[in-house]
Amino acid sequence: MAHFRFYQASFFLFCILLLPFSFAIRSLSRLPAGGAGADVQLHHLLRFSEAPEYRNGVVCPSYSSSSPTSARDDHYTSICDPSLVHVAMTLDLEYLRGSIAAVHSVLKHASCPENIFFHFITAEFDPVSPRVLTRLVRSTFPSLNFKVYIFREDTVINLISSSIRQALENPLNYARNYLGDILDSCVDRVIYLDSDLVLVDDIYKLWNTILTGNRVIGAPEYCHANFTVYFTKAFWSDPELSQVFAGRTPCYFNTGVMVMDLVRWRAGNYRRRIEKWMEIQKKKRIYELGSLPPFLLVFGGEVEPIDHRWNQHGLGGDNVKGSCRPLHPGPVSLLHWSGKGKPWVRLDAKKPCPLDHLWEPYDLKMRGERDGYQLNQLGSSSSSSLIGWL
């Protein structure tokens, strides 16, 4: 018996080592009633109000909601439907409230909300399991088209260097590097959004961005910013490293809002290009700011410029104090609380910045005595709606 258990454990470990970048947990249009209870109790988890039902207008293209991907997925929206707009976001306990508000804002202002498909990337070791997060999203947005993926943190953990703010060292911050590997191969284009933002405009306008030439990503650029400060003296004093920008005019851009061509991303193996710079960083410290600098090194000067209205960033202040900041001049389509200060934290502390009140209408957190979320209530849904891909 002891030998059998040893071989059984060895086989299990072997299988774990063969796992890809992520598992996928697919959610159906509706969770069936009944089933096993949840396996963990987290009484501090937030409860959210159910969002309003947002419907398509008459001019929206139809999608194949009746095209099943398997015999039991009879209401599943095909992820490969060409009429869908694909949005990728991370989902974890710390930023859960922000993520829910961001999704709410996207749906509220979309001309065709039923044609949006969300791809949620969850952490392997988050305090709230991906299964529970899936049920929570479904209970808040009953008709949402989405899929939840489990990001294997050991994919990137050994490449992460210390940053000026500990939150920037979270492996989930690097999940955007692996979207080409994580998402289904039929998803050839995606909008990546951070969890600390809200849209106040139709996401279809952003989706319709044309990536000219061979450009892989599009984002608002800020060429007035001092680009040199994003890298250390050790980088700029090394002619071999700094030569990477030869023939380019790089500008700062924020990776919290990007339109990504995943066909070109996969073909050019851009995930590996980013990893190579992270490996250099481990040997010779060439930057201080988490997951952003590798993107600047790979794409700086080769980004499709998008109007600044699509990333009014920096509303969370700097990475140390998180003080209040005003809007940049010009029109606004997206408000982004990048930086240390988050609107839900400041609102709860009764110390909001003026612009935090623009985030508040999208907050679906329940008030009063119902704030405490009982996980066993979520567990009433059947686990048959969750499919793990190995």
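The shown structure was predicted, so the numbers you read here are calculated from the model rather than taken from an experiment.

Cut-offs and rules
- Residues numbered from 1 in each chain as written.
- Predicted model: local features only at pLDDT ≥ 70, side-chain atom pairs only at ≥ 80, totals over all residues.
- Heavy atoms only, no water.
- Disulfide = S-S within 2.5 Å.
- Helix = DSSP H or I, 4+ residues; strand = E, 2+ residues; numbered from the N terminus.
- Buried < 20%, exposed > 50% of the residue type's maximum accessible area, 1.4 Å probe, protein only.
- Phe/Tyr/Trp six-rings, centres within 6.5 Å; stacked < 30°, edge-to-face > 60°.
- Lys NZ or Arg CZ within 6 Å of the ring centre and 35° of its normal.
- Contact = heavy atoms within 4.5 Å.
- Polar contact = N/O pair within 3.5 Å; in protein donor to acceptor, adjacent residues only side chain to side chain.
- Pairing = 2+ DSSP bridges.
- Axes fitted to C-alpha atoms, helices over the stretch in contact; angles between N-to-C directions.
- Parallel < 35°, antiparallel > 145°, perpendicular 65-115°, else oblique.
- Left-handed = near helix turned anticlockwise from the far one by under 90°.

K.L.:
For the state of the cysteines, give the residues involved together with the corresponding values.
P.N.:
Should the sulfur atoms of two cysteines be covalently bonded, the bond is a disulfide. Tallied over the entire structure, the rule returns four disulfides. One disulfide in the model links Cys60 with Cys112; its S-S distance is 2.0 Å. Between Cys60 and Cys112, the S-S torsion sits near -95°, and that sign places the bridge as left-handed. In this pair, Cys60 is assigned in the loop between strand S1 (22-26) and strand S2 (85-91) and Cys112 in the loop between helix H2 (96-109) and strand S3 (116-123), connecting sequence segments 52 residues apart. Under the relative-accessibility criterion, Cys60 is labelled buried at 14%. The class of Cys112 is buried, set by a relative accessible area of 5%.

K.L.:
Let's hear about the packing of aromatic side chains: which residues, and what values?
P.N.:
Scanning the entire structure with this criterion turns up 22 aromatic pairs. Ring centres of Tyr95 and Trp344 lie 5.9 Å apart, and the angle between their planes is 80°; on these two criteria the pair is classed as edge-to-face. Within this pair, whereas Tyr95 is found in the loop between S2 and H2, its partner Trp344 is found in helix H11 (residues 343-348), the two being separated by 249 residues in sequence. Trp344 matches Tyr95 in its accessibility class, with the two residues each being buried. Grouping aromatic residues by their ring pairs yields a cluster made of Tyr222, Phe227, Tyr230, Phe231, Phe235, Trp236, Phe245, Tyr252 and Trp277. Across from the ring centre of Trp207, 5.4 Å away, lies the NZ or CZ of Arg189, which sits over that ring. When the ring centre of Tyr270 is taken as origin, the NZ or CZ atom of Arg273, which lies over that ring, is 4.2 Å away.

K.L.:
Outline the environment of Asp201, listing residues and values.
P.N.:
As for its position among the elements, Asp201 is in the loop between strand S6 (197-199) and helix H5 (203-207). Taking the C-alpha atoms as reference points, Asp201 and Ser333, separated by 132 residues in sequence, lie 4.9 Å from one another. Asp201 has contacts with His109, Arg309, Trp310 and Ser333, leaving out every residue within four places of it along the chain. At 2.8 Å, the side chain of Asp201 forms a polar contact with the side chain of Ser333.

K.L.:
Tell me about the pairing of strand S10 (residues 257-261), and name the residues and values.
P.N.:
In terms of burial, S10 is a largely internal element, five of the five residues being buried. Of the two faces of S10, the one holding Val257, Val259 and Asp261 and the one holding Met258 and Met260 are both buried throughout. Examined bridge by bridge, strand S7 (residues 217-219) and S10 share two bridges and lie antiparallel to one another. Residue Gly218 lies in a different strand from S10, and its bridge partner there is Val259.

K.L.:
How would you sum up helix H10 (residues 292-299)? Please name residues and give values.
P.N.:
What sets the pattern is the α-helix's 3.6 residues per turn: residues three or four places apart point alike. Taking burial as the measure, the eight residues of H10 include eight buried ones, the bulk of the element. Among all positions in H10, only Leu292, Pro293, Pro294, Phe295, Leu296, Leu297, Val298 and Phe299 are buried. Residues of H10 that are buried sit in contact with S7, helix H6 (233-236), strand S9 (252-253), S10, helix H8 (262-267) and helix H9 (270-283). With its phi angle positive at about 90°, Gly301 sits one or two positions after the end of H10.

K.L.:
How would you summarise the packing of H9 against H10 if you had to cite specific residues and measurements?
P.N.:
Running from amino to carboxyl end, H9 crosses H10 at an angle of 120°, the nearest separation of the two axes being 9 Å. By the angle between their directions, the pair H9 and H10 is classed as oblique. Seen from above, H9 lies across H10 with right-handed handedness. For the pair H9 and H10, contact is made by Tyr270, Arg273, Ile274, Trp277 and Met278 and by Pro294, Phe295, Leu297, Val298 and Phe299, respectively.

K.L.:
For the environment of Arg189, give the residues involved together with the corresponding values.
P.N.:
Here Arg189 lies in strand S5 (residues 189-193). Under the relative-accessibility criterion, Arg189 is labelled buried at 16%. Separated by 27 residues in the primary sequence, Arg189 and Val216 place their C-alpha atoms 9.8 Å from one another. In contact with Arg189, not counting residues within four places along its chain, are His86, Trp207, Asn208, Thr209, Ile210, Leu211, Val259, Met260 and Leu262. Looking at Arg189, its side chain comes within polar contact range of the main-chain oxygen of Trp207, at 2.9 Å. A polar contact is formed between the side chain of Arg189 and the backbone oxygen of Thr209, at a distance of 2.2 Å.

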